[in-house]
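The primary structure of each chain is shown beneath.
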Number of protein chains: 2
Amino acid sequence: MDDRPHVTLEDVAREAQVSLATASRALNGTTKVRSDLRERVLAAAEQLAYTPNAHAQALAGGAHRTVGVICHDVSDPYFAGISRGVMRAADEAGLLVMLASTFRDPQREIAYISMLRAQRASAILLVGSGFEDREWERALAAEIEPYQRGGGQVAVVSRHRTLRVDSVQPENREGAAQLARTLTAQGHRRFAVLAGPRALTTVVDRIRGFREGLAEAGVELAEHDIVEAAFTRDGGHAAMSELLARGFDATCVFAVTDVMAMGALAALREAGRSVPEDISLAGFDDIPVVRDLAPPLTTVALPLEELGEKVMELAVRDNRGKRSRILRMPGTVVVRESTRPIDCA
Amino acid sequence: MDDRPHVTLEDVAREAQVSLATASRALNGTTKVRSDLRERVLAAAEQLAYTPNAHAQALAGGAHRTVGVICHDVSDPYFAGISRGVMRAADEAGLLVMLASTFRDPQREIAYISMLRAQRASAILLVGSGFEDREWERALAAEIEPYQRGGGQVAVVSRHRTLRVDSVQPENREGAAQLARTLTAQGHRRFAVLAGPRALTTVVDRIRGFREGLAEAGVELAEHDIVEAAFTRDGGHAAMSELLARGFDATCVFAVTDVMAMGALAALREAGRSVPEDISLAGFDDIPVVRDLAPPLTTVALPLEELGEKVMELAVRDNRGKRSRILRMPGTVVVRESTRPIDCA
DNA sequence: GCGCTTTCTGAATGCGCTTTCACGCTAGGA
DNA sequence: TCCTAGCGTGAAAGCGCATTCAGAAAGCGC
């Protein structure tokens, strides 16, 4: 860009016949300016359609009013809910939110953080970026720590082992355990799990919690009953299809996310199995659409928007020197019609 | 931020024992630098965890590598699809994408554009920002035109009457007409429409097209058969509920967006009406989830990701002085199970 | 060995803005 | 009336970087 140069503060000052400093002060209202001068400056700015150059402002020590949010995919309903919350909180704080999708590529995640650092964003929010991978953790730390040292705020949604950051953590483990209790109480004894990549902490936590909840009823979950697939609708579809092809005796299937559950539901429908008559299905997250499925999905509701708001608030709050805070957000089991009580086999 | 100052190029230069200019050149590779010096600079930068200040770079004349995308709501699946396309194209072009939600508030839309101007973003993408409102058009033009004069690129998804910008336009009118033809061919003669705010060009176009398609079969759509509601799932639910409460004799309901159709479907289910046995239902957009509804939704498929890619490409391509281009993207009617042929009444 | 061109380097300039700093002005107290 | 505060103003410094410009070093032919 920059064919024709932009209108600058100097242009405004000249037009208003005042000094550059006065123009700046009139526009920002930081110091008292004689009212007739202010009028002149404002009028000139208006007339010239002046917009301050944010880069120059930032460089000259003005506040950085932008936060970056990095997620796997903005079009994932799970993140969509969170982003609503983030945006609302950001709006209140007068911040501009930059969203970026990594598509689960750790490299890209690092690259985006680096860009945000370069922009001197006032905060970086990582949503669900938990990989259980030593090398990645190191690379991430190598970006995050200098950023924090430079005064940048970082907050994450999810669990992080190594990073020293504020975080909002959905209680995946306890939520899944609670779901397991609900299902065993309905009489289910044989389960299958549709899992996302085991490298993700979210997946690991949910499976572990589910297992623990099951164990309380004396039910065991064999490794064989866990099918791993992509963390998407189609992944859920594929995993369910595999299960169907292989043959299984579970009365209830737990998909670790609602999005995967949707794929599973489609696969079941295609296979002529009806839910919940033939088999029960449960998900996790309670993204908005699942209540509109047929049957509406039993799931663990996470307060997604609230998650977003909280993480934003953590990032905005001034916490220099203080130790990192952790906000745990419990989930709530929502029983809908995709699961049903059965007679104990 | 900026507790402790950031590591600057000067620090790197000092550490590497070269001049600032040499350090800059070594890092950017713009000019040849003696290899041992380059090594030293790179090592120093690495060691100090140096990240260039994007503001300073921008101010000093470096390229602006960021584009802003403004939409109603990033969590709307319609936009989510588009954003995927935008991100992919941006990624190829090496651009950083800033997303923002206006929540259909014209004021906020203007504010975001202003912020993007201030950031000197290299391009601004407006997704579906068509209001039929003179005053808003004026305010928008007052932001957009100076931005363009300054060399900024602007491209939009949707129709714009007054703005002189490149645009990608889904063929709402023709798509809706095509849908109407399909439905009348199925034997439907009496329709109701669930509409969003009539101030939106998208809504207006779809209704008009639907009417035109109907007219070809000699069917008329009375104003009375159009229910206006919010452009959301709940809006669709409310509109359908109103229709049900009021009593109506349509055999087929057309919701102007899939999101609204989802709400309508829920309302019908709650009312004990089955789709398509009791009544047929059609939507528009073909957002991913609707194929997983029960019944899967008949709709008009828009190539959402492609829309996003195209609009990004328009914004990236250099088009100074050239006249604005319009890319029309046709929709395709997808008949699923939410509509069924009926005997002519 | 001399003068020339070719490379590469460092000092200095400026991007547009905020913010000190110092000065001129008016108002108030002596 | 004179002096001191106090308020507003303009000049200027500097934020971190890319880049121009001039000069130093190195390479070449004679």
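Refer to the preceding data block for the structure.
These remarks concern the structure in this document. It should be emphasised that the depicted structure is a prediction, and the values quoted were computed from it without experimental measurement. (Residues numbered from 1 in each chain as written. Chains lettered and ligands numbered in written order. Predicted model: local features only at pLDDT ≥ 70, side-chain atom pairs only at ≥ 80, totals over all residues. Heavy atoms only, no water.)

## Brief notes about the side chain of B:T257
Let me state the cut-off plainly: By definition, any uninterrupted DSSP run of H or I lasting at least four residues is a helix, any uninterrupted run of E lasting at least two residues is a strand, and each is numbered from the N terminus. The criterion used for residue contact is that any of the two residues' heavy atoms lie within 4.5 Å.
On the secondary structure map, B:T257 appears in the loop between β8 (252-255) and α11 (258-270). Ignoring sequence-local partners within four residues, the contact set of B:T257 consists of B:R206, B:F231, B:F284 and B:D285.

## Overview of the protein's contact with DNA strand C
Filter applied, for reference: Whether a residue is near a molecule or strand depends on its heavy atoms: it is near if one of them lies within 4 Å of it. Polar contacts here mean pairs of N or O atoms no more than 3.5 Å apart (in protein, one a potential hydrogen donor and the other a potential acceptor; neighbouring residues in sequence count only if both atoms are side-chain atoms).
Around DNA strand C sit 24 residues in total, of which A:L9, A:S24, A:Y50, B:T22 and B:R25 are the nearest. If you look at DNA strand C and keep only atoms within 4 Å of the protein, 64% of those are sugar or phosphate atoms. For DNA strand C, a phosphate oxygen lies 3.2 Å from a polar atom in the backbone of B:R34. Elements with a minimum of two residues in the surface near DNA strand C: α2 (20-28) and α4 (54-59) of chain A together with α2 (20-28) of chain B. It is α2(A) that contributes the most residues to the surface near DNA strand C, 5 residues altogether.

## So, the nonpolar core
Rules: The set of buried Ala, Val, Leu, Ile, Met, Phe, Trp, Tyr and Cys residues whose side-chain atoms join them within 4.5 Å is what this entry labels a nonpolar core. Relative accessibility thresholds used throughout: buried, under 20% of the residue-type maximum; exposed, over 50%; partly exposed, between the two (1.4 Å probe, protein chains only).
Formed by 155 residues in total, the largest nonpolar core has its most connected members in A:F210 and B:F210. With residues up to four places along the chain from it excluded, the contact list for B:F210 reads B:A176, B:A177, B:L179, B:A180, B:L183, B:F191, B:V193, B:L221 and B:F254.

## Thoughts on the relation of the copies chain A and chain B
Copies of the same chain, two in number, are related to each other by a rotation about an axis and a translation along it. For clarity, the threshold we go by: The copies were overlaid by least squares, fitting only the C-alpha atoms of residues that reach a pLDDT of 70 or more in each copy.
Structural alignment of chain A on chain B gives an RMSD of 0.1 Å, achieved by rotating through 180° and translating 0.0 Å along the axis. In the structure described here, the two chain copies are related by an operation that fits a two-fold rotation axis. Mapped onto chain B, 100% of the interface residues of chain A again fall at the interface, so both copies present the same surface.

## Some points on the sheet that holds strand β11 (residues 326-329) of chain A
Residues and elements named next belong to chain A. Note the following rule: By this definition, two strands are paired if DSSP reports at least two bridges between them. Orientation is described by axes fitted as lines to C-alpha atoms, over the contacting stretch for helices, and by angles from 0 to 180 degrees between their N-to-C directions.
The strand order across the open sheet formed by 6 strands is β2-β1-β3-β4-β5-β11, and the pairing between neighbours is parallel. Looking at which strands have only one partner, the edges of the open sheet turn out to be β2 (96-101) and β11. The mean angle between the axes of side-by-side strands here comes to 15°, regardless of whether they run parallel or antiparallel. Of the strand pairs in this sheet, strand β1 (residues 66-71) and strand β3 (residues 123-127) are connected by 4 bridges, and their pairing is parallel.

## Thoughts on the protein's contact with DNA strand D
In the region of DNA strand D, 22 residues are neighbours, and A:T22, A:R25, B:L9, B:S24 and B:Y50 sit closest. When the atoms of DNA strand D within 4 Å of the protein are grouped by moiety, sugar and phosphate amount to 64% of the total. Between DNA strand D and B:N53, the relevant distance is 3.2 Å, taken from a phosphate oxygen to a main-chain nitrogen or oxygen of the residue. Between a base nitrogen of DNA strand D and a main-chain N or O atom of B:A56, the distance comes to 3.3 Å. The element contributing the most residues to the surface near DNA strand D is α2(B), with 4 residues.

Distances and angles like these do not, on their own, reveal function.
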